[in-house]
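Remarks on the overall topology
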Amino acid sequence: MSQPDTLIVGGGHNGLVAAIYLARAGRKVLVLEAASEAGGQLANRMPGKDLGAPALHPAGRLRPEIIRELGLARHGLAIDDVPHAAYTALLPGGENLRLSTRRGDTDTLEAIRRHSARDAARWPEFLAFMDAACSLLNAAYATPMPRPERREILGKALPLASLLLKLRRLGRRDMFRVIRSLSMSARELADEWFEAEPLRAALGALAIHGVTLGPYSAGTGYTLIHNWLNRGGLAHASPDGAAITQALVTALQAAGGELRTSAPVARVLVERQQVKGVLLKDGTEIHATRVLSSADPRRTLLGLVGAPELPTDYVWGVQSIRMRGSVAKVHLLTDGNHGLPEGTLVVAPTLRYLEQAYDAAKYGEISASPYLEVTTSGAVVSIHFQFAPFALRHEGWGDARAALETRAIETLSKYAPRLSDSLQSVQSITPVDLEEHWSLTEGDLNHGQLILDQLMFMRPLPGWSDHRTPIDGLFLGGSGTHGGGGISGVPGRNAARAALSGR
Ligand SMILES: Cc1cc2nc3c(=O)[nH]c(=O)nc-3n(C[C@H](O)[C@H](O)[C@H](O)COP(=O)(O)OP(=O)(O)OC[C@H]3O[C@@H](n4cnc5c(N)ncnc54)[C@H](O)[C@@H]3O)c2cc1C
């Protein structure tokens, strides 16, 4: 490539999505990724021995509109419009609750009816409500948020008005129902819909997936809708992260962009509040008039730009972004006779159980009885473990790793009696590993907590949700910005649009 004009820091899915939009608009784009492969959290690289299962994610889903706009089908990524795989709550005694979000799925209605006939009757209406809520949230994420203190409010009035119109079109009842749900707790939301505890807890589990909140926390109504929107329902959709990354990398190359891996950026170069390019860790300087970072906002602004280049109140704001990783991953290599069904499995018997699992995180402790989300990949059983706080109160993660692994195995064995006999080896990824190997500050997989005061026009910072920064030519487009976190590609697309619209 001749001299690039736009540099992307980070080749996770959002960095790649942004890069493709920019390259297709004629920019000369170079993506710089610190790791030895692209994909960020979707990449399969495992610290230590590779067990042959996805390290962090069983699967992910880009927004169908992004797949269409970027022509990713030509690069092997089909639109999965019906990701209604099984989501199974493992229950004591072995009587599991198997749910699918496919409309009219009689097996699901029958499974719910065994716990409550009333809940089974309400399930179709609940799915319709979640559809309405997700379509509104999706529209909000695609709408550029105005910066309150700027004249921009007028410029952004049209998209905002169209968002309000979409809200109005839901009809009076659903409009208020959706708005109320965003600030409610998952428990309050469940109270309004269902009475059977296994069903309420299965929904509560998705609401707290990836965040350091319990189902009694305000705003977990919102996180339920957010996670449901990203997955397209309850269960993980296909394809796996490697397929998404592969499609994005080939689409980038087809658009004339370039990806360089093992190229960690050490500094973003700034002169008189104007971006000038980047300095790589190996000492190479690359100059460009635009830099779009998909690394988390704190890492980008305090680590790569540096506080002296930024206004004091802005620095204070960035320091205050709450990053609170408390997710760990435990992979079990078995002889294949683990006895677990396929699909997305959850250990979340009651809402109270989930809340108590979260209580431990509040005090810097690993949950004694954790919320688990489990997937299998052949002989490998992969366990998403909450809560395992980044900052432990009594010990370091070097000492705590064994306790994490034991708790994961003991908890799951209660629901899978054949598991311990079938176990051959264990490998875990702690929040500290997430920081070290995946560059996630404090192990926060969303690049900043999904809490009410860090959303929409307050993400990543109040007044700075339009992907711009105080540095001219420097944009932010990872999960810590408006539209993130999680797998969707939305912040990457929004940031590319901001970068194309100038300044
Ligand atoms: C265990 C686990 C479970 C999850 N479950 C779900 C789920 O069910 N649903 C969902 O939607 N999401 C889930 N997530 C969250 C989701 O994976 C992330 O929010 C998303 O992948 C982030 O994508 P990104 O492109 O914004 O950032 P990342 O994937 O974090 O990519 C950022 C990239 O920037 C690179 N980078 C950082 N600093 C530098 C530098 N100085 N120089 C060069 N490169 C740099 C990093 O190496 C990385 O590749 C989960 C995450 C984990 C870890």
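Residues numbered from 1 in each chain as written. Predicted model: local features only at pLDDT ≥ 70, side-chain atom pairs only at ≥ 80, totals over all residues.

**A few points about the packing of helix α8 (residues 186–193) against helix α9 (residues 197–208)**
This is how the line gets drawn: Only the stretch in contact is used when fitting a helix axis, every axis being a line fitted to C-alpha atoms; angles between N-to-C directions are given from 0 to 180 degrees. Each helix is a run of DSSP H or I of at least 4 residues and each strand a run of E of at least 2, with the numbering of both proceeding from the N terminus. Whether a crossing is left-handed or right-handed is set by the direction in which the near helix is turned from the far one by less than a right angle, anticlockwise for left-handed and clockwise for right-handed. What counts as a contact is two residues whose backbone-derived C-beta atoms lie within 7 Å of each other. Gly counts as polar in this scheme, as do all residues outside two lists: the nonpolar Ala, Val, Leu, Ile, Met, Phe, Trp, Tyr, Cys and Pro, and the charged Asp, Glu, Lys and Arg.
α9 packs onto α8 with a crossing angle of 145° between their chain directions and a minimal axis gap of 10 Å. In the crossing of α8 with α9, the sense of the turn from one axis to the other is right-handed. From α8, A186, R187 and A190 reach across to α9, where they touch R200, L203, G204 and A207. Here the contact of α8 with α9 is built from residues that sort into 4 nonpolar, 1 polar and 2 charged.

**Topic: unusual backbone geometry**
Trans peptide bonds make up the majority, and among non-glycine residues the majority have a negative phi. The amide bond that connects Q386 to the next residue, F387, takes the cis arrangement and shows omega of 20°. Here F387 is to be found in the loop between β13 (380–386) and α15 (397–413). Each neighbour pair has its own omega, and for G484 with G485 the value is 0°, a cis peptide bond. Take G485: it is sitting in the loop between β15 (474–476) and α18 (490–500).

**Side note on the site of the ligand**
Filter applied, for reference: Nearness between a residue and a molecule or strand is assessed with a C-beta atom placed from the backbone; a distance within 6 Å qualifies.
Of all residues adjacent to the ligand, which total 40 residues, the nearest are G10, G12, N14, G40 and G486. Listing elements by their share of the shell around the ligand, those giving two or more residues are α1 (13–24), α10 (220–231), α12 (297–305) and β10 (327–334). For the shell around the ligand, the element with the most residues is α1, which contributes 3 residues. The class makeup of the residues in the shell around the ligand is 15 nonpolar, 21 polar and 4 charged.

**Some words on the domain arrangement of the protein chain**
What counts is decided by this rule: Domain start and stop points were drawn from an automatic or database domain assignment.
On domain assignment, one finds that the protein chain holds domain 1 (6–79 + 239–322 + 446–500), domain 2 (100–231) and domain 3 (327–441). The C-alpha-based centres of domain 1 and domain 3 are spaced at 28 Å. Contacts between the two partners involve 18 residues from domain 1 and, on the opposite side, 15 residues from domain 3. For the side of domain 1 that touches domain 3, the class distribution of residues is 10 nonpolar, 4 polar and 4 charged.

**Considerations on the sheet that holds strand β9 (residues 290–293)**
So the rule is basically this: Strands qualify as paired when DSSP identifies two bridges or more between them.
Spatial strand order, β5-β2-β1-β9-β15: 5 strands in an open sheet with parallel pairing. Strands at the two margins of the open sheet, each flanked by one partner only, are β5 (258–260) and β15. Pairs of neighbouring strands in the sheet enclose a mean axial angle of 20°, with direction left out of account. Relative to β9, strand β1 (residues 6–9) runs parallel, the two sharing 4 bridges. Within the sheet, the bridge partner assigned to T6 lies in β9 and is R290. Of the strands in this sheet, β1, β2 (29–32) and β9 touch α1, which is tilted by about 170° from β2. The strands touched by α18 are β9 and β15; relative to β15, the strand with the most contacts, the crossing angle is about 160°.

**Remarks on the pairing of strand β11 (residues 344–347)**
Where we set the bar: Here a residue counts as buried when 20 or more other C-beta atoms fall within 10 Å of its C-beta, as exposed when 12 or fewer do, and as partly exposed in between; the C-beta atoms come from the backbone.
Across the two faces of β11 the burial is the same, with T344 and V346 and L345 and V347 all buried. Inspection of the sheet shows strand β3 (residues 87–89) paired to β11 by 3 bridges, in the parallel sense. In the sheet register, T88 faces β11, and the bridge partner there is L345. Examined bridge by bridge, β11 and strand β12 (residues 371–377) share 3 bridges and lie antiparallel to one another. In the strand pairing of β12, L345 is matched with V374.

**Some words on the environment of T481**
Following the sequence through the fold, T481 ends up in the loop between β15 and α18. In the structure, T481 is positioned 21 residues away from P460 in sequence and 5.0 Å away in space, judged by C-alpha atoms. Once residues within four sequence positions are removed from consideration, T481 is found in contact with R459, P460, H467, L476, P491 and A495.

**Here we look at helix α11 (residues 241–254)**
To be explicit about the condition: Each helix should span, by expectation, one fewer than its residue count multiplied by 1.5 Å.
For α11, which comprises 14 residues, the first-to-last C-alpha distance of 20 Å matches the rise-based estimate of 20 Å (1.5 Å per residue) to within 8%. Within the span of α11, buried status applies to G241, I244, T245, A247, L248, V249, A251 and L252. On the buried face of α11, the contacting elements are α1, β2 and β5. In the segment just after α11, G256 is the residue with positive phi, at about 95°.

**Describing the sheet that holds strand β8 (residues 285–287)**
The sheet built from 3 strands is open, its strands ordered β6-β7-β8 with antiparallel pairing. Both edges of this open sheet fall to β6 (265–271) and β8, since each of them pairs with a single strand only. When strand polarity is set aside, the average angle formed by the axes of neighbouring strands in this sheet is 30°. Pairing geometry for β6 and strand β7 (residues 274–280), over 6 bridges, is antiparallel.

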